[in-house]
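Coordinates in review
Single-letter residue listing:
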Amino acid sequence: MLTQPTISRFENSLDKRSVFNILYAWIDNYVSSLRSRKEITIDVDATNDPTHDNQQLSLFNLYYGQFMHNELFFHDGDTGQIILPVLRPDNSHSNKWYVSILKRIIQKIREKFPEMKITIRTDNGFSGARFYKLVDDYNLLYVYFDKR
C-alpha cells in the first residue's frame with residue numbers, strides 16, 4: 001500500500017529529464033505498434049475539465065471562463081490509442097506546446113518509418129505558422145474539423 005509520504009517523495013523526485021523520459025516512453029510504445037501500417041492519422045485535441053472546490057493546481061482559464069484542468073491529447077485516429085497525454089498549466093491556450101510535442105512524435109515515427117503517410121487531424125485553433133512549417137518540413141497532411 002502506498003502511503004502519502006511515499007507518493008510525495010515520488011512526485012518530488014521527478015525532474016525535467018524524468019518527465020521527458022516518460023514522454024518518450026509513451027511515444028516509443030506507440031511507434032512500436034505501427035509495424036504493419038502504411039499510414040496513420042494523429043488526432044489532437046485539448047480538453048476543458050472543470051475543477052471544483054479549490055482543487056490543487058487548478059487555475060482560471062479566461063477563454064473557458066472557469067477553473068479547470070487543460071489536458072492535451074494525441075490519439076491515433078484509426079485505433080483510438082493514446083499516443084501521448086499532456087497535462088499543461090490550466091490557464092494556457094489550447095495550442096500551447098502543441099507543435100513542439102507533435103514534432104517529437106513525428107520525429108520518432110520518421111526514424112522507424114520514413115515513408116509513413118501521416119495526417120494530422122485537429123480543429124483550427126491549432127493552426128498557425130509553426131504548425132504549417134512542421135507540415136512542410138515533414139511532408140505531413142492535415143485536416144481541420146469544425147467543433148460546433
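The structure we're discussing is the one just above.
About the criteria used
Residues numbered from 1 in each chain as written. Predicted model: local features only at pLDDT ≥ 70, side-chain atom pairs only at ≥ 80, totals over all residues. Heavy atoms only, no water. Patch = residues over 30% accessible without salt bridge, like charges linked within 9 Å, V, L, I, M, F, W, Y side chains within 5 Å. Areas by Shrake-Rupley, 256 points an atom, 1.4 Å probe, with all protein chains shown as cover. Salt bridge = Lys/Arg side-chain N within 4 Å of Asp/Glu carboxyl O. Helix = DSSP H or I, 4+ residues; strand = E, 2+ residues; numbered from the N terminus. Buried < 20%, exposed > 50% of the residue type's maximum accessible area, 1.4 Å probe, protein only. Expected span 1.5 Å × (residues − 1). Contact = heavy atoms within 4.5 Å. Core = buried A, V, L, I, M, F, W, Y, C linked by side-chain atoms within 4.5 Å. Pairing = 2+ DSSP bridges. Arc of directions from axis to C-beta. Polar contact = N/O pair within 3.5 Å; in protein donor to acceptor, adjacent residues only side chain to side chain.

Observations concerning a nonpolar patch on the surface
- A cluster of nonpolar residues, Phe-10, Leu-14, Val-19, Ile-22, Trp-26 and Ile-82, forms a patch on the protein surface that exposes about 520 Å² of accessible area.
- Take the nonpolar patch: its biggest share by element is three residues, from helix 2 (residues 16–32).
- In this structure Phe-10 comes out as exposed when scored by relative accessible area, which is 52%.

A short note on helix 3 (residues 98–112)
- Along its 15 residues, helix 3 runs 22 Å from first to last C-alpha, staying within 8% of the 21 Å computed at 1.5 Å per residue.
- What helix 3 keeps buried is the set Tyr-98, Val-99, Ile-101, Leu-102, Ile-105, Ile-106, Lys-108, Ile-109 and Arg-110.
- Where helix 3 is buried, its residues contact helix 2, strand 1 (39–46), strand 4 (66–76), strand 5 (82–88), strand 6 (117–123) and helix 4 (129–138).

A short note on the nonpolar core
- Core analysis: the biggest nonpolar cluster contains 31 residues, and Ile-42, Phe-74, Ile-109 and Ile-120 have the highest contact counts within it.
- If you tally residues by element for this core, the top one is helix 3, at seven residues.
- In contact with Ile-109, not counting residues within four places along its chain, are Tyr-30, Val-31, Leu-34, Ile-40, Ile-42, Met-116 and Ile-118.

Structural notes on the pairing of strand 1
- Where burial is concerned, most of strand 1 is hidden: six out of the eight residues are buried.
- When strand 1 meets strand 6, the two strands line up parallel, connected through five bridges. Of the residues in strand 6, the one forming a bridge with Ile-40 is Ile-118.

Some remarks on helix 2
- For helix 2, built from 17 residues, the straight-helix expectation of 24 Å at 1.5 Å per residue is met to within 8% by its first-to-last C-alpha distance of 24 Å.
- Within the sequence span of helix 2, burial applies to Leu-23, Ile-27, Tyr-30 and Val-31. One face of helix 2 carries all of its buried residues, which in axial projection span an arc of 100°.
- Those residues of helix 2 hidden inside the fold are in contact with strand 1, strand 4, strand 5 and helix 3.

Structural notes on the side chain of Asp-76
- Within the fold, Asp-76 resides in strand 4.
- Residue classification places Asp-76 among the buried positions, given a relative accessible area of 1%.
- Engagement of the side chain of Asp-76 in a polar contact is seen with the backbone nitrogen of Thr-79, the distance being 3.0 Å.
- Filtering out sequence-adjacent residues up to four positions away, Asp-76 remains in contact with Tyr-30, Leu-34, Arg-37, Ile-40, Thr-41, Gln-81 and Ile-83.

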